[in-house]
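Secondary and tertiary structure notes
Chain by chain, the residues:
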Amino acid sequence: GQNIDQPTEMTATEGAIVQINCTYQTSGFNGLFWYQQHAGEAPTFLSYNVLDGLEEKGRFSSFLSRSKGYSYLLLKELQMKDSASYLCAVYASGGSYIPTFGRGTSLIVHP
Amino acid sequence: GAGVSQTPSNKVTEKGKYVELRCDPISGHTALYWYRQSLGQGPEFLIYFQGTGAADDSGLPNDRFFAVRPEGSVSTLKIQRTERGDSAVYLCASSPTASYNEQFFGPGTRLTVL
């Protein structure tokens with residue numbers, strides 16, 4: 001089966017930088033996604049990695065190491081509105097277009 | 001254009017009743033996914049459609065759950081003889097086609113079984 005692991009909760013200060021880690025054990029790999037989900041709302045797409053390295057998009061960056069089964073989401077210049085759950089999702093073996101989601105990391109940003 | 005919509009936003013029912021949850025995907029998206037999300041958990045896959053056919057229903061927990069997409073756009077998730085353990089948020093997502101794509105999620109239906 002597939003296993004995705006993320007910390008349950010993190011706290012950080014407004015203006016700071018936070019790194020949310022995701023480790024995965026899957027049979028095959030076809031891409032990793034990060035989604036943001038505010039309480040009571042739909043998940044929304046943040047980033048996508050399929051090759052090793054860093055993808056940067058404004059205040060958000062995501063890193064992937066396929067050999068280590070590891071990704072992180074880096075959030076810079078934290079704002080209060082960044083308080084949300086961050087979901088890591090992995091597409092595993094070829095032909096299965098079904099992503100497996102981690103349980104999500106609840107990020108609390110305080111003043 | 002409009003995003004993914006789901007109705008109702010909230011549904012309260014009694015144990016043993018039948019419920020239908022509706023999803024209206026983004027126009028032109030051929031792939032449609034249903035997930036179930038419990039508090040503090042990530043979305044759990046239930047079933048996905050490519051066009052009108054169910055491409056994979058391996059996530060449906062038992063035969064009380066069924067979903068249809070007769071015309072390849074709107075989908076309905078049907079739950080018979082509801083149980084308290086069915087209480088969760090049911091999320092629908094669509095993507096242009098079934099591939100290793102970003103998914104566009106609806107706001108979900110919160111189902112409460114009393």
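This text goes with the structure placed above it.
What comes next is a walk through the structure.

Each value, and the rule that gives it
Residues numbered from 1 in each chain as written. Chains lettered and ligands numbered in written order. Predicted model: local features only at pLDDT ≥ 70, side-chain atom pairs only at ≥ 80, totals over all residues. Heavy atoms only, no water. Helix = DSSP H or I, 4+ residues; strand = E, 2+ residues; numbered from the N terminus. Polar contact = N/O pair within 3.5 Å; in protein donor to acceptor, adjacent residues only side chain to side chain. Contact = heavy atoms within 4.5 Å. Patch = residues over 30% accessible without salt bridge, like charges linked within 9 Å, V, L, I, M, F, W, Y side chains within 5 Å. Areas by Shrake-Rupley, 256 points an atom, 1.4 Å probe, with all protein chains shown as cover. Salt bridge = Lys/Arg side-chain N within 4 Å of Asp/Glu carboxyl O. Buried area = accessible area lost by both parts, 1.4 Å probe. Buried < 20%, exposed > 50% of the residue type's maximum accessible area, 1.4 Å probe, protein only. Pairing = 2+ DSSP bridges. Axes fitted to C-alpha atoms, helices over the stretch in contact; angles between N-to-C directions.

1. What about the side chain of A:Gln36?
All names here are of chain A. Tracing the backbone through its elements, the reader meets Gln 36 in strand S4 (residues 32-37). A polar atom in the side chain of Gln 36 sits 3.0 Å from the side chain of Tyr 86. If we skip the residues at most four places from it in the chain, Gln 36 touches Ala 42, Pro 43, Thr 44, Leu 46, Lys 81, Asp 82, Ala 84, Ser 85 and Tyr 86.

2. Thoughts on a nonpolar patch on the surface
A surface patch of nonpolar side chains, about 250 Å² in accessible area, is lined by A:Tyr48, A:Val50 and A:Leu51. Following the sequence through the fold, A:Tyr48 ends up in strand S5 (residues 44-49).

3. Looking at the interface of chain A and chain B
At the interface, 21 residues of chain A touch 20 residues of chain B. Where chain A abuts chain B, roughly 1700 Å² becomes buried across the two surfaces, and 58% of that area is made up of carbon and sulfur atoms. The largest contributions to the chain A side of the interface with chain B come from A:Tyr97, A:Ile98 and A:Arg103, which together make up 35% of the buried area. Where chain A meets chain B, there are zero salt bridges. Applying the counting criterion to the chain A and chain B interface returns six residue pairs in polar contact (both at pLDDT 80 or more). Secondary structure elements with two or more residues in the side of chain A that touches chain B: S4, S5, strand S9 (84-91) and strand S10 (99-101) of chain A. Ranked by the residues each element gives to the side of chain A that touches chain B, the list is headed by S4(A), at three residues.

4. A closer look at the pattern of salt bridges
A side chain of one charge can pair with a side chain of the opposite charge when the charged atoms of the two come close. Residue and element names in this part refer to chain B. Per the stated rule, a full pass over the model turns up eight salt bridges over all chains. Lys 78 serves as the salt-bridge partner of Glu 20, at 4.0 Å between the closest nitrogen and oxygen. One end of the pair, Glu 20, is in strand S3 (residues 19-24); the other, Lys 78, is in strand S8 (residues 75-79), and 58 residues separate them in sequence. The exposure class of Glu 20 is partly exposed, given its relative accessible area of 42%. Between Glu 44 and Arg 36 there is a salt bridge; the shortest N-O distance is 3.6 Å. Here Glu 44 falls in the partly exposed class, since its relative accessible area comes to 38%. Put simply, Arg 64, Glu 83 and Asp 86 are held in one network by salt bridges that share partners.

5. Remarks on unusual backbone geometry
Residue and element names in this part refer to chain B. Of note, the amide linkage connecting Thr 7 to Pro 8 takes the cis form, showing an omega dihedral of -10°. Here Arg 81, not a glycine, exhibits a phi torsion of approximately 45°, which is positive. Positionally, Arg 81 belongs in the loop between S8 and strand S9 (88-95).

6. Description of the sheet that holds strand S6 (residues 53-57) of chain A
All names here are of chain A. Ordered by their spatial adjacency, five strands build an open sheet running S1-S3-S8-S7-S6, and the pairing between neighbours is antiparallel. Each end of this open sheet is capped by a strand with a single partner; those strands are strand S1 (3-5) and S6. Across the sheet, the mean angle from the axis of one strand to that of its neighbour is 15°, orientation sign disregarded. Note: S1 against strand S3 (residues 18-25), three bridges, orientation antiparallel. Each bridged residue has a counterpart across the sheet, and for Asn 3 the counterpart in S3 is Gln 25.

7. Section: the environment of B:Tyr18
Residues and elements named next belong to chain B. The topology assignment puts Tyr 18 in the loop between strand S2 (10-13) and S3. Judged by relative accessible area, which is 42%, Tyr 18 ranks as partly exposed. When the C-alpha atoms of Tyr 18 and Leu 77 are compared, they prove to be 11 Å apart, with 59 residues separating the residues in sequence. Ignoring sequence-local partners within four residues, the contact set of Tyr 18 consists of Lys 78, Ile 79 and Gln 80. At a separation of 2.6 Å, a polar atom in the side chain of Tyr 18 contacts the side chain of Glu 20.

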